[in-house]
Amino acid sequence: MKTLRDVKIGETCTVVKLHGEGAVKRRIMDMGITKGVEVYVRKVAPLDDPVEITVRGYELSIRKADAETIEVQ
């Protein structure tokens, strides 16, 4: 299983599945990260947290722990 955390800077991937449950999963979905959407990894902070991505035309920073719950291909 490849997660959003494993995607290199400058690569684009497609969300396959969201793992996790409850409020965490709902918050990720509310940010526009849903099954089938394309995500572009823009930057990763020096200490690997957070990850800056572009999704649905806007920029977003997510924590490493949240990125590990997003399965991509």
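Counting restarts for each chain: residues are numbered from 1 in the order of the written sequence. Residues qualify for local features only when their pLDDT is at least 70, as the model is predicted, and side-chain atom pairs are given and counted only at 80 or more; totals for whole chains, interfaces and linings, by contrast, use all residues. Calculation of side-chain values draws on the structure's entire complement of heavy atoms; hydrogens and water are dropped beforehand.

S.K.: Can you walk me through the overall build of the protein chain in this structure?
M.R.: Counting secondary structure elements, the protein chain contains two helices and six strands. Strands are runs of DSSP state E lasting at least 2 residues, helices are runs of H or I lasting at least 4, and numbering of each runs from the N terminus. Reading the protein chain from its N end, one meets helices and strands in the order β-β-α-β-β-β-α-β. Taken over C-alpha atoms, the radius of gyration is set against a globule rule of 2.2 Å times the number of residues to the power 0.38. The C-alpha atoms of the protein chain give a radius of gyration of 11 Å, which matches the 11 Å a tight globule of 73 residues would have. Taking the principal axes of the C-alpha coordinates as reference, the protein chain spans close to 30 × 25 × 20 Å.

S.K.: What's the story with the pattern of salt bridges in this structure? I'm lost.
M.R.: Note on pairing: side chains with opposite charge can pair once their charged atoms come close. Salt bridge, as used here: a side-chain nitrogen of Lys or Arg that lies within 4 Å of a carboxyl oxygen of Asp or Glu. Following the criterion strictly, the structure yields six salt bridges and no others. Measuring nitrogen to oxygen at the nearest pair gives 2.9 Å for the salt bridge that ties aspartate 66 to arginine 27. Of the two residues, aspartate 66 is situated in helix 2 (residues 64-67) and arginine 27 in helix 1 (residues 22-30); the sequence distance between them amounts to 39 residues. Using a 1.4 Å probe on the protein chains alone, a residue whose accessible area is under 20% of its type maximum counts as buried, one over 50% counts as exposed, and one in between counts as partly exposed. A relative accessible area of 35% places arginine 27 in the partly exposed class.

S.K.: Just checking my understanding: could you explain the sheet that holds strand 3 (residues 38-44) for this structure?
M.R.: In a beta sheet, neighbouring strands are held together by backbone hydrogen bonds and run either parallel or antiparallel to one another. Judged by pairing direction, the sheet is antiparallel, and its six strands sit side by side in the order 1-6-2-3-4-5 without closing on themselves. Single-partner strands in this sheet number two, and they are strand 1 (2-3) and strand 5 (58-62). Two strands pair if DSSP finds at least two bridges between them. Summarising the sheet, strand 3 and strand 4 (residues 51-55) pair through five bridges and their orientation is antiparallel. Following the sheet pairing, valine 41 is matched in strand 4 by isoleucine 53.

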